[in-house]
Amino acid sequence: MRFTREDPPGGGPVANAAGGAGRAGESGVPEGIPARDWVAVLAVDMPHVTARTLDRLREAALNHDGAFLADARGRQLAGVVARTALTRRRPADPTGQPLHLLLDPLDLRLVPATGNEGHDIDTWADLP
């Protein structure tokens, strides 16, 4: 697993996802094993997303461009996207671009959030 941040720093979520797509291929896969590189797109204000959440998303994403958690409000900022899909949609200058412009054209499955995994913390009142 590799962690990345946007390039340039402060460039926003599209720059971050594009940076992750660029780095995903560096981790390598053993010779002869077919694999599809996945990039996790995660908001830092969703502390209940776990490795199991990412496993569920990756399983749901098979045969699609990716999968994202969803709750009653719709798609949340926790998902996995195929590196090739991100690379294909990456704008020439991702700086300051809204993430929905990158994700909306993709074939994404929505996966119902379970428990608190879809809970995001936007204000002090949102803390458990």
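Owing to the predicted nature of the structure, the values given are computational and were not obtained by experimental measurement.

Draft legend 1. Representation of the nonpolar core within the structure. Counting 27 residues, the largest nonpolar core has Leu57, Val81, Leu99 and Leu103 as the members making the most contacts within it. At the level of secondary structure, the elements contributing two or more residues to this core comprise α1 (13–24), β1 (38–42), α2 (51–61), β2 (66–71), β3 (74–82), α3 (83–89), α4 (99–103) and β4 (108–112). With residues near it in sequence (within four places) discarded, leucine 57 still touches Ala67, Phe68, Leu69, Ala78, Gly79, Val80 and Val111.

Draft legend 2. Region of the structure containing the packing of aromatic side chains. Summed over all chains, the structure comprises zero aromatic pairs. One Lys or Arg, arginine 75, reaches over the ring of phenylalanine 68 and ends 5.8 Å from the middle of that ring.

Draft legend 3. Highlighting the sheet that holds β1. The four strands lie next to each other as β1-β3-β2-β4, forming an open sheet whose pairing is mixed. Each of the sheet's edge strands pairs with one partner strand only, and the pair in question is β1 and β4. When strand polarity is set aside, the average angle formed by the axes of neighbouring strands in this sheet is 25 degrees. Examined bridge by bridge, β2 and β3 share five bridges and lie antiparallel to one another. Its bridge partner lying in β3, aspartate 71 is registered against glycine 74. Against the sheet, α2 makes contact with β1, β2, β3 and β4, and its axis sits at roughly 120 degrees relative to β2, the strand it touches most.

Draft legend 4. Spotlight on the confidence of the model for the protein. Here the protein averages 80 in pLDDT, while 79% of its residues score no lower than 70. Mean pLDDT across the secondary structure elements of the protein bottoms out at α1, with 65, and peaks at β4, with 96. Across residues 24–35, where pLDDT falls below 50, the model places nine contacts with residues more than four positions away in sequence or in other chains.

Draft legend 5. Inspection of the side chain of aspartate 120 at higher detail. Considering the arrangement of structural elements, one finds aspartate 120 in the segment after β4. Those residues in contact with aspartate 120 that sit more than four places away from it in its chain are Asp45, Met46, Arg73, Gln76 and Asp126.

Draft legend 6. Layout of the pattern of salt bridges. For the structure on display, the rule yields eight salt bridges. Residues aspartate 37 and arginine 83 are paired through a salt bridge, measuring 3.1 Å at the closest nitrogen-oxygen approach. Taken together, the positions of aspartate 37 in the loop between α1 and β1 and arginine 83 in helix α3 put the pair 46 residues apart, joining distant regions of the chain. Among the residues examined, arginine 83 registers a relative accessible area of 25% and is labelled partly exposed. In this structure, arginine 73 and aspartate 120 form a salt bridge, with 3.5 Å as the shortest nitrogen-oxygen distance. On the criterion of sequence distance, the pair formed by arginine 73 in the loop between β2 and β3 and aspartate 120 in the segment after β4 is long-range, its members being 47 residues apart.

Draft legend 7. Representation of α2. Buried within α2 are the following residues: Thr53, Leu54, Arg56, Leu57, Ala60 and Ala61. Burial along α2 is one-sided: seen end-on, the buried residues are contained in an arc of 160 degrees. In this structure, α2 carries Ala51 and Glu59 as exposed residues pointing more than 90 degrees from its buried face. Check the buried side of α2 and you find it contacts β1, β2, β3 and β4. Where α2 terminates, the next one or two residues include asparagine 63, which has phi positive at roughly 70 degrees.

Quick notes on the rules
- Residues numbered from 1 in each chain as written.
- Predicted model: local features only at pLDDT ≥ 70, side-chain atom pairs only at ≥ 80, totals over all residues.
- Heavy atoms only, no water.
- Core = buried A, V, L, I, M, F, W, Y, C linked by side-chain atoms within 4.5 Å.
- Buried < 20%, exposed > 50% of the residue type's maximum accessible area, 1.4 Å probe, protein only.
- Helix = DSSP H or I, 4+ residues; strand = E, 2+ residues; numbered from the N terminus.
- Contact = heavy atoms within 4.5 Å.
- Phe/Tyr/Trp six-rings, centres within 6.5 Å; stacked < 30°, edge-to-face > 60°.
- Lys NZ or Arg CZ within 6 Å of the ring centre and 35° of its normal.
- Pairing = 2+ DSSP bridges.
- Axes fitted to C-alpha atoms, helices over the stretch in contact; angles between N-to-C directions.
- pLDDT = per-residue confidence, 0-100.
- Salt bridge = Lys/Arg side-chain N within 4 Å of Asp/Glu carboxyl O.
- Arc of directions from axis to C-beta.

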